[in-house]
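Letter by letter, the chains look like this.
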Amino acid sequence: MKYLKLCAAAVVMAVALLSVPAAVSAQKLKVEEIVAKHLDSIGAADQRAAVKSQIAVGDGTVKFLSQKDQVVQGRIVLASAGAKNFFGMNMNSPNYSGERFSFDGKKAKVAYVQTGQRSILGNFLLSNPLALEESLLGGTLSTSWALLNLSENKAKLSGEGTKKIDGREVHVVNYSRKGGGDVTVTLFFDKETFRHVRTEYKRTSSASIGRTIDESARMSETRLRVTEDFSDFRNEKGLTLPHDYRLVYSVTGQNGTTEIEWNFKLSEFAFNQTLEEKTFDAEAN
């Protein structure tokens, strides 16, 4: 009988010990820990510091999903040096020649896609320059990536636990800056590797007021969502960087839904090249 009691006690103790790791692993990591592990996932501190400029080039497509899946081929170039960055696309279409966005360290610029006209993505970035000024756009494909310069841009981060996206568990971090506008920015990091796999920008605008009660009742709110997805991480000169980049712009409102999807495969990387100042002026390129 005494032996059985000892066995029962041992079982209880074993169960208690087994539950401890589960409880610890379930604890939410501090946002500072997530950021530190994320930066290490890019490369060692000395390797990151050694990169003064970075260029990534690749091929891809843009698909206008709300226009019967019209597909256009093109190229993408992302260039950066310190806090400056340039994001450019050249697309093979007379109706959509591409995009050019930049930040020269002082001012964010968005080029016209046609005479006197910017794209809907360009208008979004122009009205929300935070994405360019702190290099959220493009993620780790830039030396000016927001999380590399937190001490300078003084952004506020808050951890929101974990969730699943596309069947993968990720850490969720909200990113904001005082005076940053009405768009909420959320960053997602792979739970196992801490690689940055998604940025999401969201904004909801209230429905307009019509001329009559009936007209107002027919109005609907406008929901805007822009997502960037990063995958196929591989080593480039000591840095682990994504080689697949997907950008989706979606807006749903009174006039229906507009959705555009860009997909690029990055194949060429260069580091510590001398870049001219005009590189970071979208209006001059």
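Residues numbered from 1 in each chain as written. Predicted model: local features only at pLDDT ≥ 70, side-chain atom pairs only at ≥ 80, totals over all residues. Heavy atoms only, no water.

Draft legend 1. Structural detail: the overall build of the protein chain. Scanning the protein chain for helices and strands turns up seven helices and twelve strands. Long-range pairs, those at least 24 residues apart, make up 50% of the contacts in the protein chain with a sequence separation of at least 6. Split by element, the accessible area of the protein chain, about 15,600 Å² in all, is 51% carbon and sulfur. (Helix = DSSP H or I, 4+ residues; strand = E, 2+ residues; numbered from the N terminus. Contact = heavy atoms within 4.5 Å. Areas by Shrake-Rupley, 256 points an atom, 1.4 Å probe, with all protein chains shown as cover.)

Draft legend 2. View of the confidence of the model for the protein chain. When pLDDT is averaged along the protein chain, the result is 85; 81% of the residues meet or exceed 70. Scored below 50 in pLDDT, residues 213–219 makes eight contacts in the model with residues more than four places away or belonging to other chains. (pLDDT = per-residue confidence, 0-100.)

Draft legend 3. Up close: the packing of aromatic side chains. Summed over all chains, the structure comprises five aromatic pairs. The interplanar angle of 75° and the centroid separation of 5.9 Å between the aromatic rings of Phe 124 and Tyr 201 together place this pair among those described as edge-to-face. Residue Phe 124 is located in helix α4 (residues 120–127), and its partner Tyr 201 is located in strand β9 (residues 196–205); the two are separated by 77 residues in the primary sequence. Side by side, Phe 124 and Tyr 201 carry an identical accessibility label, which is buried. For the pair Phe 230 and Tyr 245, a centre-to-centre distance of 5.1 Å together with 15° between the ring planes defines the contact as stacked. (Phe/Tyr/Trp six-rings, centres within 6.5 Å; stacked < 30°, edge-to-face > 60°. Buried < 20%, exposed > 50% of the residue type's maximum accessible area, 1.4 Å probe, protein only.)

Draft legend 4. Region of interest: helix α2 (residues 31–42). An ideal rise of 1.5 Å per residue puts 16 Å on twelve residues; α2 measures up with 17 Å between its terminal C-alpha atoms. When we look at burial in α2, the residues that qualify are Val 31, Ile 34, Val 35, His 38, Leu 39, Ser 41 and Ile 42. An end-on view of α2 places all buried positions within 155° of arc, on one side of the element. Across α2 from its buried face, at more than 90 degrees, point the exposed residues Glu 32 and Asp 40. (Expected span 1.5 Å × (residues − 1). Arc of directions from axis to C-beta.)

Draft legend 5. Seen up close, the nonpolar core. Ranked by size, the top nonpolar core spans 63 residues in total, and within it Met 89, Phe 124, Leu 125, Leu 136, Leu 147, Tyr 175 and Trp 262 carry the most contacts. Once residues lying within four places of it in the same chain are set aside, the contact partners of Leu 147 are Val 35, His 38, Leu 39, Leu 157, Tyr 175, Leu 187 and Phe 189. Listed in part, the five residues of the second largest apolar core include Ile 55, Ala 79, Phe 86 and Phe 280. (Core = buried A, V, L, I, M, F, W, Y, C linked by side-chain atoms within 4.5 Å.)

Draft legend 6. Spatial organisation of the pairing of strand β3 (residues 84–91). With respect to burial, β3 is a largely interior element, six of its eight residues being buried. Judged from the eight bridges that link them, strand β2 (residues 70–81) and β3 form a sheet pairing that is antiparallel. What sits directly across from Ala 79, in β3, is Phe 86. Hairpin connection between β2 and β3: a loop of two residues separates the two successive antiparallel strands, and Gly 82 in this loop has a positive phi of roughly 60°. The sheet contact formed by β3 and strand β4 (residues 98–103) spans six bridges and is antiparallel. Looking at the pairing, Gly 88 lines up with Arg 100 of β4. The antiparallel hairpin formed by β3 and β4 contains six residues in its connecting segment. (Pairing = 2+ DSSP bridges.)

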